[in-house]
Amino acid sequence: MLLVLAATAFLTIFLALPLAVVFAEAFRQGLRAYLSAIGQREVLSAIRLTLLVAAISVPLNVVFGVAAAWAIARFEFRGKALLGAFIDLPFSVSPVISGLVYVLLFGAQGWFGHWLELHDVKIIFAVPGLVLATIFITLPFVARELIPLMQSQGRDEEEAARVLGAGGWQMFFRVTLPNIRWALLYGVLLCNARAMGEFGAVSVVSGHIRGLTTTMPLEVEMRYNEYDYVGAFAVATLLALLALATLAIKALLEWRYGDEIAAHAPGGH
Amino acid sequence: MTLELSHLSRRFTDSAALDDVSLIIAPGEFLALLGPSGSGKTTLLRILAGLDYPDAGTVQLDGYDFLAAQAHKRKVGLVFQHYALFRHLTVAENVAFGLRVRSRKARPSRAQITERVKQLLKRVQLDDHGHRYPSQLSGGQRQRVALARALAVEPDLLLLDEPFGALDAQVRVTLRRWLRELHEDLELTTVFVTHDQEEALELADRIAVMNRGRIEQVGSPEAIYQQPATPFVCEFIGKMNKLPLTYANYRLSAGDWVLEGDPWNGRHTNAVAYVRPEHLSLGGADTEPGWVARLRHVYLAGSVAHLELHVPSIDQTLEVDVAGEDVTRLGLQTGVELRVAPRNAIVFALGEQGSDAPPEGRWVWQP
């Protein structure tokens, strides 16, 4: 009982209260001020950019995550441990460092900076840099979700499909994918939340060019630093809503398909 | 369709799973691959299914290269030990899978597929379970769904991997009989893997006994049981009394049991004899070659009695099977002293590696 109380108090102080503050500050000067803050050109551009970055990086991570999880769960090969470590790297490295690495590679003074300048390709302080940094940061989400599940499911069903006459793609779309669909959706959800909410790495490669390279989290910071509290918190409410929606769908998935997500598969055995 | 496997070898990183295996599988036969775990029997099955490939050797189907065809083009039905049913599909959808994935040209119409699935489910006695999911079925039912699914594609060759391994004893026996009847019905060439000798002896037309990646013996269940070809088969199939022999005065012997007529004329002095419990006679005359033994235990198991006799002269315990009624007729009580003599034995001349390696000679001994 005491433990429950402590947990509730903890959650209130560290989660519910800040959330309330975000909304309270955003609506401090009324609904009109809130709406006009959100309707600003820069804010709309930040929303568009955030959606664009997520729309590119999430599908790419799905493809990479499924391929990597499949390779790790199904095959023995040299460098398998290395691949696993590589997938975990973004979790263990500070996002700021991740961003910095891209600056060192593609920035004006970076390894490929000169070549990129010659060919008029902009990566750092431009949208490609944001996408690259986001892909790197969200790399583990899909793969890490799928690997334990695919390992526990084993390859029997896929082999059965092969022997029954299914080609490689038929096997994938009729057996592999249906077996991992809910875990995949779960991974996509977390990946998307992180892609839209990422600050550190994106901040380093963005250059904070208003209306061009600022995503929503960056917009929040810039407005806050400019003492535009209503504007900052108004954008923050959108991110908070994203978080709440993510949380709700995540809870729904866990409740409905928990056994298929948590790597112990029902039936079959 | 005759399958001819010649000189198949398959190495995994740490061990040889198959070591120069050759075997001919005749059309319509029911063949068991029998062996302990790690003997290579499942590897052999997976190679036939197209899920694994040998490092060396060939498999020919009526003269064509069987290995060149990929798994999904072989017309093979495979039933996995743990069924491997598609968990997200219903029973009917599972059975229909092999037909649905066919190219449009070869695919039967929707109505034909439904009809075929219905027939197959009826055949495996699951007519009214088509709409259920695998997780809602018992082990025996799942196994039958797996079989129906494998049969749906009308395979030329049916492969079963430990088909009854995960079932409890009673279901196992029922399903075994049923499978035998099904085979007689379909006359489909069937290869099944098992570590259970009883299963192999009861079901199969022929048995290939495997050990350490090699085939030790291929033959009918009777031949495997009555005329084991190697020490391994002796020790693996049924019960055997193992008697190390010594060589002296130009004869092999184990204590008072002297074997006249050494076929090797003393070339092999390291030999071992195997005698089945039912091939030991009790209470014979003193002139027969045999031992004096003391009866230690009598286990009366209905019609048969299992006796445990100790032979002091070779300090070995022998197992002897007699008819249950003989226990009272011969006055077999614990502690009694009596003569015991082999009626026949199989003697192997062993090389330096002992009974693990193929024997250097085999001799069917009779008094």
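It should be noted that the structure appears before, not after, this text.
Below or above, wherever it landed, is the structure these notes cover. (Residues numbered from 1 in each chain as written. Chains lettered and ligands numbered in written order. Predicted model: local features only at pLDDT ≥ 70, side-chain atom pairs only at ≥ 80, totals over all residues. Heavy atoms only, no water.)

**Topic: the interface of chain A and chain B**
Just so we agree on the cut-off: Two residues form a contact once any of their heavy atoms are found within 4.5 Å. Once two parts are brought into contact, the accessible area they lose, counted with a 1.4 Å probe and summed over both, makes up the buried area. Think of a salt bridge as a Lys or Arg side-chain nitrogen and an Asp or Glu carboxyl oxygen that are within 4 Å of each other. Distance and chemistry together define a polar contact, namely a pair of N or O atoms within 3.5 Å, with one atom able to donate a hydrogen and the other to accept it when in protein, and with adjacent residues in sequence counting only for side-chain atoms on both sides.
Contacts between chain A and chain B engage 24 residues on the former and 25 residues on the latter. Of the roughly 2,300 Å² buried at the junction of chain A and chain B (both faces included), carbon and sulfur atoms supply 57%. Counting every contact that joins chain A to chain B gives two salt bridges. A salt bridge links arginine 46 of chain B to glutamate 159 of chain A; its shortest N-O distance comes to 2.7 Å. There are five residue pairs in polar contact (both at pLDDT 80 or more) connecting chain A and chain B.

**A word on the sheet that holds strand β15 (residues 280-282) of chain B**
Residue and element names in this part refer to chain B. Here is the rule: Pairs of strands are assigned from DSSP output, requiring at least two bridges between the strands. Comment: elements are numbered from the N terminus, with helices defined as DSSP H or I runs of at least four residues and strands as E runs of at least two. Lines fitted to C-alpha atoms define the axes here, with helix axes fitted over just the stretch in contact, and angles between the N-to-C directions of these axes take values from 0 to 180 degrees.
Strands sit in the order β15-β19-β16-β17-β18 across an open sheet of five strands; the sheet is antiparallel. Only two strands of the sheet have a single partner each, and these edge strands are β15 and β18 (316-323). Going across the sheet, the axis of each strand differs from the next one's by a mean of 45°, ignoring polarity. Note that strand β16 (residues 291-301) and strand β17 (residues 304-311) share seven bridges and pair antiparallel. Across the sheet, valine 298 pairs through a bridge with leucine 307, a residue of β17.

**What about the sheet that holds strand β1 (residues 3-11) of chain B?**
An order of β2-β1-β4-β5 (chain B) is seen for the four strands of this open sheet, with the pairing classed as antiparallel. With partners counted over all chains shown, the strands left at the sheet margins are β2 (16-25) and β5 (64-65) of chain B, one partner each.

**Some thoughts on empty space enclosed by the protein**
Residue and element names in this part refer to chain B. Put simply, the rule is: Of the grid points, spaced at 1 Å and generated over the protein atoms alone, those admitting a 1.4 Å probe that cannot get out make up cavities, while open sets with protein on both sides within 12 Å along at least five of seven lines make up pockets; any residue with an atom within 4 Å of a point is treated as lining. Grid points are joined across faces, edges and corners, and a volume is the space filled by probe spheres set on the points.
Within the structure shown, the criterion is met by six cavities of 30 Å³ or more. Roughly 70 Å³ of volume is contained in the largest cavity. Around the largest cavity, the lining residues are Val79, Gln143, Arg144, Leu147, Leu160, Pro163, Phe164, Leu175, Trp178 and Leu179. Elements that contribute at least two residues to the lining of the largest cavity include exactly α4 (139-152) and α5 (169-186).

**With respect to a nonpolar patch on the surface**
Let me state the cut-off plainly: Here a patch means residues that are over 30% exposed by relative accessible area and free of salt bridges, tied together within 9 Å if like-charged and within 5 Å if nonpolar (Val, Leu, Ile, Met, Phe, Trp, Tyr). Accessible surface is estimated by sampling points in the Shrake-Rupley manner with a 1.4 Å probe; for residues, cover comes only from the protein chains shown.
On the surface, a cluster of nonpolar side chains totalling about 550 Å² of accessible area is made up of Phe10, Leu11, Ile13, Phe14 and Leu15 of chain A. Along the chain, the position of phenylalanine 10 of chain A falls in helix α1 (residues 2-26).

**Details of α1 of chain A**
Residues and elements named next belong to chain A. This is how the line gets drawn: To estimate how far a helix should reach, multiply one less than its number of residues by 1.5 Å. We define the bend at any residue as the angle between the axes fitted to the seven residues before and including it, ending there, and the seven starting there. Working definition: with a 1.4 Å probe on protein chains only, accessible area under 20% of the residue-type maximum means buried, over 50% means exposed, and in between means partly exposed.
When the terminal C-alpha atoms of α1 are compared, their 35 Å separation across 25 residues agrees well with the 36 Å that a helix rising 1.5 Å per residue should span. At threonine 12, α1 shows its maximal bend, which comes to roughly 40°. Listed as buried for α1 are Val22, Glu25 and Ala26.

**A few points about the pattern of salt bridges**
Any two side chains of opposite charge can pair, so long as their charged atoms come close to each other. Residues and elements named next belong to chain B. Throughout the structure, instances matching the rule amount to 32 salt bridges over all chains. A salt bridge links glutamate 162 to lysine 41, with the nearest nitrogen and oxygen atoms 3.9 Å apart. Taken together, the residues glutamate 162 in the loop between β7 (157-161) and α5 and lysine 41 in helix α1 (residues 41-49) connect sequence positions 121 residues apart. What you see here is one network of salt bridges that share partners, running through Arg172, Arg176, Arg177, Asp196, Glu198 and Glu202.

**Topic: unusual backbone geometry**
Residue and element names in this part refer to chain B. Positioned with a positive phi, lysine 75 is a non-glycine residue whose angle comes to about 55°. Residue placement: lysine 75 occurs in the loop between β5 and β6 (76-79). Its identity as a non-glycine residue notwithstanding, aspartate 315 has a phi of 45°, on the positive side. Within the fold, aspartate 315 resides in the loop between β17 and β18.

**Considering the layout of surface pockets**
Unoccupied space between atoms shows up once a probe the size of one water molecule is rolled over them. For clarity, the cut-off: Ten residue types, Ala, Val, Leu, Ile, Met, Phe, Trp, Tyr, Cys and Pro, are classed as nonpolar, four, Asp, Glu, Lys and Arg, as charged, and the remainder, Gly among them, as polar.
In this structure, the largest pocket spans a volume of roughly 710 Å³. In terms of lining, the largest pocket is formed by 20 residues, of which the most central are Arg74, Phe75, Arg155 and Glu159 of chain A together with Leu51 of chain B. Classifying every residue of the lining of the largest pocket gives nine nonpolar, two polar and nine charged. Counted as a void, the second largest pocket has a volume near 410 Å³. Forming the walls of the second largest pocket are 13 residues, and the residues nearest its centre are Ala193, Leu239, Leu242, Ala243 and Leu244 of chain A.

**Topic: the packing of aromatic side chains**
Put simply, the rule reads: When two rings of Phe, Tyr or Trp (its six-membered ring) have centres within 6.5 Å they constitute a pair, described as stacked for plane angles under 30 degrees, edge-to-face for angles over 60, and tilted for the intermediate range. We call a charge positioned over a ring when the NZ of a Lys or the CZ of an Arg lies within 6 Å of the ring centre and within 35 degrees of the ring normal.
Inspection of every chain in the model, using the stated rule, returns 20 aromatic pairs over all chains. Plain terms: the ring middles of tyrosine 224 of chain A and phenylalanine 233 of chain A are 6.5 Å apart, the flat faces sit at 85° to each other, and that makes the pair edge-to-face. Grouped by ring-pair contacts, the aromatic residues Tyr102, Phe106, Phe112 and Phe136 of chain A constitute a single cluster. Against the face of phenylalanine 66 of chain B rests arginine 74 of chain B, its NZ or CZ located 4.8 Å from the ring centre. Above the face of the tyrosine 225 of chain B ring, arginine 276 of chain B is positioned so that its terminal group lies 3.9 Å from the ring centre.

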